[in-house]
Amino acid sequence: DCVGVDDRYIIEAEIGRGGMQEVYRAFDDKLQRQVALKVPQDTRVARRFRESAVISAKVNHPNVAKTLDYFEDSSGRFYLVEELVDGSNLKEVASHFERLDPHAVAHILHHLARGVSASHRVGVVHRDLKPSNILVAGGLDFKAIKITDFGIAKMAADEIGEAVSGGEETTRSSRTARGALPYMAPEVIDHPRTPSPAADVWAIAAIAWELLTGNAPFGTGLKAVAAILSSSK
């Protein structure tokens with residue numbers, strides 16, 4: 001059954017769940033359009049969730065999923081409303097193939113670079129760029145490529161920092177950290193809360209390598225940490 005939120009948004013289905021948030025397809029009854037409704041999994045991060053909405057709203061570009069609204073309902077739950085991209089994320093698209101065609105990869109990188117460049121121009125660093133944060137409409141036709149979770153990534157920085165500094169056990173228990181590590185620049189591993197724009201460029205290069213070869217450039221899990229740090233020496 002559909003559930004109404006804030007006398008405006010009608011939740012139709014859950015379409016995603018990550019380490020930081022749940023994502024629902026919803027219908028905006030006021031503007032008569034479908035949207036993505038995001039809810040933090042941990043209510044203790046509600047303040048940071050609002051800060052994340054403010055950050056992501058600064059970025060306005062065709063290759064970035066646009067932040068539309070942020071609100072708290074009568075029960076105290078917080079919601080971020082985002083443009084709905086009807087499709088899959090890049091991780092899901094790429095999983096059907098051993099590796100992607102170089103021409104397709106070049107097309108993807110072109111649009112990723114445009115979106116990231118736009119964010120850097122307004123002083124926003126993504127921090128957690130990875131295939132699951134890149135939305136694809138049109139399947140292998142790649143009719144639209146949009147980066148999402150700019151704001152949520154700032155929230156994730158704290159969890160990533162705690163996981164990396166805490167060692168193997170905390171990294172294993174953190175879905176956010178496990179997903180981020182293969183694309184993390186060396187300086188982000190050392191200082192995860194203060195990344196520079198260069199960290200996003202590194203992540204794009206790591207994504208490119210994985211799409212072209214079928215493997216993450218430095219492996220996954222804690223082994224990736226050692227490999228990434230040794231590569232920078």
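Scroll up for the structure.
Attention in this report is confined to the structure presented alongside it. This is a predicted model, so every value here is computed, not measured. (Residues numbered from 1 in each chain as written. Predicted model: local features only at pLDDT ≥ 70, side-chain atom pairs only at ≥ 80, totals over all residues. Heavy atoms only, no water.)

**What to know about the pattern of salt bridges**
Then, in step 1: All told, the structure shown has 11 salt bridges when counted by the stated rule.
Then, in step 2: Notably, a salt bridge pairs R77 with E22, separated by 3.9 Å at the nearest N-O pair. Here R77 is found in the loop between β5 (67-72) and β6 (78-83), whereas its partner E22 is found in strand β3 (residues 21-28), with 55 residues between them in sequence.
Then, in step 3: Residue classification places R77 among the partly exposed residues on the basis of a relative accessible area of 36%.
Then, in step 4: Taking relative accessible area as the criterion, E22 reaches 12% and is therefore assigned buried.
Then, in step 5: Between E98 and R99 there is a salt bridge, and its shortest N-O distance comes to 3.1 Å. (Salt bridge = Lys/Arg side-chain N within 4 Å of Asp/Glu carboxyl O. Helix = DSSP H or I, 4+ residues; strand = E, 2+ residues; numbered from the N terminus. Buried < 20%, exposed > 50% of the residue type's maximum accessible area, 1.4 Å probe, protein only.)

**Observations concerning the sheet that holds strand β9 (residues 144-147)**
Then, in step 1: Overall, antiparallel pairing links the 3 strands, which are arranged β7-β8-β9 in an open sheet. At either end of the open sheet lies a strand with only one pairing partner, and these are β7 (87-89) and β9. For this sheet the average axis-to-axis angle between neighbouring strands, irrespective of direction, equals 25°.
Then, in step 2: Sheet topology note: the strand β8 (residues 134-137)/β9 ladder contains 4 bridges and is antiparallel. Paired with L135 across the bridge in β9 is K146.
Then, in step 3: This element, helix α3 (residues 102-121), spans β8 and β9 of the sheet and lies at about 40° to β9. (Pairing = 2+ DSSP bridges. Axes fitted to C-alpha atoms, helices over the stretch in contact; angles between N-to-C directions. Contact = heavy atoms within 4.5 Å.)

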